[in-house]
There are 2 protein chains.
Amino acid sequence: MRYELYYWPMIQGRGEFVRLALEEAGADYVDVARRKNGMAAMMKLMEQKRAKRPPFAPPILKAGKLIIAQTANILLYLGPRLDLSPRDEAGRLWVNQLQLTISDFVVEVHDTHHPISSALYYEEQRPAAKRNAAAFWEHRVPKFLGYFERLLENSGGNFLLGRKLTYVDLSMFQVVGGLHYAFPKRMQRFARRVPRVIALHDRVAQRPRIAAYLASRRRIPFNESGIFRYYKELDQ
Amino acid sequence: MRYELYYWPMIQGRGEFVRLALEEAGADYVDVARRKNGMAAMMKLMEQKRAKRPPFAPPILKAGKLIIAQTANILLYLGPRLDLSPRDEAGRLWVNQLQLTISDFVVEVHDTHHPISSALYYEEQRPAAKRNAAAFWEHRVPKFLGYFERLLENSGGNFLLGRKLTYVDLSMFQVVGGLHYAFPKRMQRFARRVPRVIALHDRVAQRPRIAAYLASRRRIPFNESGIFRYYKELDQ
């Protein structure tokens, strides 16, 4: 099966959580919108007026005749097929639950630089962004990363579910890398409080396929159009 | 199977999406935290230090030995068991995709009154809330409700998936009811642009079990601690 991923071509964004799963599994896939005329193909897919199951927004995965959107939903579908989630229902629900917790956190990360509206520029909401980012680091990061630290402490292995890597480990890698990029000072200070989370990030980065991907041109660099953006004044 | 739902007892919140599914199906369930000593039971469940699969936050569903969190994940589990989602995988993914789109929107609704931080009072973020709510109604409500309006137009039946009600119909009922409560003036003006969405809300409200639930004390009234809050100045 050749998968087709449709996502904004200039950013990692939410598409990156899907890319990491496809890359780790060595799956056969095309990052459609990054190809020549790819944006036109994506727009066509999104604007089919009478599509039976039209997506609300990218990322979108085409798998044969199936068209699936929403990051966590795509990963729920791919998990068993790429051997990146448990086989039993309870295990798959647990991985999905963790992925949805990550999704919630990703929204909060985005809100640190766009608390008023995504329709406005960052420069139009800087004072609000500064207050949001401060509260985010005071309350939310400790709660969220602390939760994942405890999961790793009790997992009985190197990964969130134990000895076997799943797609939530890849997503946590992305979150930690993103926080390092967007908030280098704050994150450096905070890192000592979540050593297992940091170790998970480093372990994922060293997996052969992930390392090859990160070194390739397929990996879009972090930038100030994505979810994780570096604005010096938000990093104190 | 007697289900146990654990959720904050004073608000509808995210727990309401689960309650509506259980009520529509006539399922045997206990709303644990609303019982005597119920909050203590919920806190105990959440603070089990060495739980194998600890939830990050309510709502939490206990189904036999399974403990499931994250609203969309709980509904994914309940859907086939309560006959509120399609039986085939593609259909279940589609319902889940729509539920996740609703989840995203619910976060945006909450951000209208708490754009800076949930750790601060509304009164500490009023100017930002005003700007957020204005952008929300200019950009997000038309996009989101317009999407669901088109789905209903093409569904070939009275419900989002066609002729059979699923749990996303119940969730849309809750969203529309919530917008009416939080933004009565804005919503009244907007309603004419999404007649099918409004009709879906009214149709769900009239289902015998939902009507009985809404009239019962089991339904917590909307209030200013929940997701949908009425603040006159945000309603223009």
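Residues numbered from 1 in each chain as written. Chains lettered and ligands numbered in written order. Predicted model: local features only at pLDDT ≥ 70, side-chain atom pairs only at ≥ 80, totals over all residues.

1. Concerning the overall build of chain A
Threshold: Where helices and strands are cited, they refer to DSSP runs of H or I of at least four residues and of E of at least two residues respectively, numbered from the N terminus. A radius of gyration in this sense is built from C-alpha atoms; the matching globule rule multiplies 2.2 Å by the number of residues raised to 0.38. Remark: C-beta atoms are placed from the backbone, and a residue is labelled buried if 20 or more other C-beta atoms sit within 10 Å of its own, exposed if 12 or fewer do, or partly exposed between those counts. Two residues qualify as being in contact provided that their C-beta atoms, derived from the backbone, are within 7 Å of each other.
Looking only at helices and strands, chain A features 9 helices and 4 strands. Starting at the N terminus and walking to the C terminus, you meet the elements of chain A as β-α-β-α-β-β-α-α-α-α-α-α-α. For 236 residues, the compact-globule formula gives about 18 Å, and the C-alpha radius of gyration of chain A, at 18 Å, lands near that figure. Dimensions of chain A along its principal axes, counting C-alpha atoms only, are 45 × 45 × 30 Å. In chain A, which comprises 236 residues, the proportion classed as buried is 46%. Across chain A, contacts joining residues at least 24 apart in sequence account for 68% of those joining residues at least 6 apart.

2. Things to note about the pairing of strand S4 (residues 66-69) of chain A
Quick note on the threshold: Pairing between strands is defined by DSSP: at least two bridges between them are needed.
Pairing of strand S3 (residues 60-63) of chain A with S4 of chain A involves 4 bridges; the strand directions are antiparallel. Among the inter-strand pairings, Leu61 of chain A is bridged to a residue of S4 of chain A, identified as Ile68 of chain A.

3. A few points about the packing of helix H3 (residues 71-81) of chain A against helix H4 (residues 89-113) of chain A
Residues and elements named next belong to chain A. This is how the line gets drawn: As a rule, the C-alpha atoms of each element are fitted with a line to give its axis, helices using only the stretch in contact, and angles between N-to-C directions run from 0 to 180 degrees. Small angles under 35 degrees read as roughly parallel and large ones over 145 as roughly antiparallel, with 65 to 115 read as roughly perpendicular and the rest as oblique. For any helix crossing, the convention is left-handed if the near helix is rotated counterclockwise from the far helix by under a right angle, and right-handed if that rotation is clockwise. All residues other than Ala, Val, Leu, Ile, Met, Phe, Trp, Tyr, Cys, Pro, Asp, Glu, Lys and Arg, Gly among them, are scored as polar; the first ten of these are nonpolar and the last four charged.
Running from N to C, H3 and H4 cross one another at 155°; their axes reach a closest spacing of 10 Å. On the basis of their axis angle, the class for H3 and H4 is roughly antiparallel. H3 and H4 meet at a crossing whose hand is right-handed. Taken together, the residues of H4 that come into contact with H3 (itself represented by Thr71, Ala72, Leu75, Leu76 and Gly79) are Arg92, Val95, Asn96, Gln99, Leu100 and Ser103. Of the residues contributing to the contact of H3 with H4, the split by class is 5 nonpolar, 5 polar and 1 charged.

4. Digging into the interface of chain A and chain B
Counting from both sides, the interface comprises 32 residues of chain A and, opposite them, 31 residues of chain B. The set of elements that each furnish at least two residues to the side of chain A that touches chain B consists of S4, H3, H4 and helix H5 (126-154) of chain A.

5. With respect to H3 of chain A
The buried count for H3 of chain A comes to 9 of 11 residues, which makes it a mostly enclosed element. The set of residues buried in H3 of chain A consists of Thr71, Ala72, Asn73, Ile74, Leu75, Leu76, Tyr77, Leu78 and Gly79 of chain A. Those residues of H3 of chain A that are buried are in contact with helix H1 (15-24), S3, S4, H4 and helix H6 (167-182) of chain A together with helix H4 (89-113) of chain B. Backbone geometry just after H3 of chain A places Asp83 of chain A at a positive phi near 55°.

6. Description of the sheet that holds strand S1 (residues 3-6) of chain B
Residues and elements named next belong to chain B. One open sheet holds the 4 strands; their spatial order is S2-S1-S3-S4, and the pairing between them is mixed. Either end of the sheet is taken by a strand with one partner, and the two such strands are strand S2 (29-31) and strand S4 (66-69). The average undirected angle you get between the axes of adjacent strands in this sheet is 20°. As defined by bridge partners, S1 adjoins S2 across 3 bridges and the pair is classed as parallel. In the sheet register, Tyr3 faces S2, and the bridge partner there is Tyr29.

7. A look at unusual backbone geometry
For the peptide bond that leads from Pro58 of chain A to Pro59 of chain A, omega is 5°, which places it in the cis range. One can find Pro59 of chain A in the loop between helix H2 (38-46) and S3. In the Ramachandran plot, Asp83 of chain A falls in the positive-phi region, its phi being about 55° despite a non-glycine side chain. Notably, Gln70 of chain B is not glycine yet its phi reads approximately 75°, a positive angle. Exposure remark for Gln70 of chain B: the 27 C-beta atoms within 10 Å place this residue in the buried category.

8. Quick look at the relation of the copies chain A and chain B
Rule in force here: Copies are brought into register by a least-squares superposition over C-alpha atoms of residues with pLDDT of at least 70 in both.
Once chain A is rotated about the relating axis by 180° and shifted along it by 0.0 Å, it coincides with chain B to within an RMSD of 0.0 Å. The two molecules are tied by a two-fold rotation axis, judged by turn and shift. Rotation axis and chain A: the residue whose C-alpha lies nearest the axis is Pro115 of chain A, separated from it by 2.7 Å. When the interface residues of chain A are mapped onto chain B, 97% of them are again interface residues, pointing to one common binding face.

9. So, the environment of Arg19 of chain B
Residues and elements named next belong to chain B. Relative to the elements of secondary structure, Arg19 occurs in helix H1 (residues 15-24). Take Arg19: there are 22 C-beta atoms within 10 Å of it, and that puts it in the buried class. Placed 199 residues apart in sequence, Arg19 and Arg218 show a C-alpha to C-alpha distance of 9.3 Å.

10. Some points on the sheet that holds S4 of chain A
Sheets are built from strands that pair by backbone hydrogen bonding, the pairs being arranged parallel or antiparallel. All names here are of chain A. Taken in spatial order, the 4 strands make up an open sheet running S2-S1-S3-S4, and their pairing is mixed. In the strand order of this sheet, the two ends are held by strand S2 (29-31) and S4, each with one partner. The sheet shows a mean angle of 20° between the axes of neighbouring strands, direction not considered.

11. Observations regarding the domain arrangement of chain A
Under the convention used in this document: Where each domain begins and ends follows an automated or database-derived domain assignment.
By domain assignment, chain A separates into domain 1 (3-81) and domain 2 (89-235). At 6 residues, the largest contribution of residues to the side of domain 1 of chain A that touches domain 2 of chain A is made by H1 of chain A.

12. Notes on the environment of Ile227 of chain A
All names here are of chain A. If you trace the backbone, Ile227 turns up in the segment after helix H9 (208-215). Sequence-wise, Ile227 and His114 are 113 residues apart; in three dimensions their C-alpha atoms are separated by 9.7 Å. Look past the residues within four positions of Ile227 in its chain and what remains in contact with it is Gly13, Val106, Val109, His110 and Gly178.

13. Considering the nonpolar core
Where we set the bar: In plain words, the nonpolar core is the set of buried Ala, Val, Leu, Ile, Met, Phe, Trp, Tyr and Cys residues that C-beta atoms within 7 Å link up.
Counting residues in each nonpolar core, the largest one holds 139 residues, and the members touching the most others are Met172 of chain A together with Met172 of chain B. Each residue touching Met172 of chain B, except ones within four places of it in the same chain, is listed here: Ile102, Phe148, Leu160, Val197 and Leu200 of chain B.

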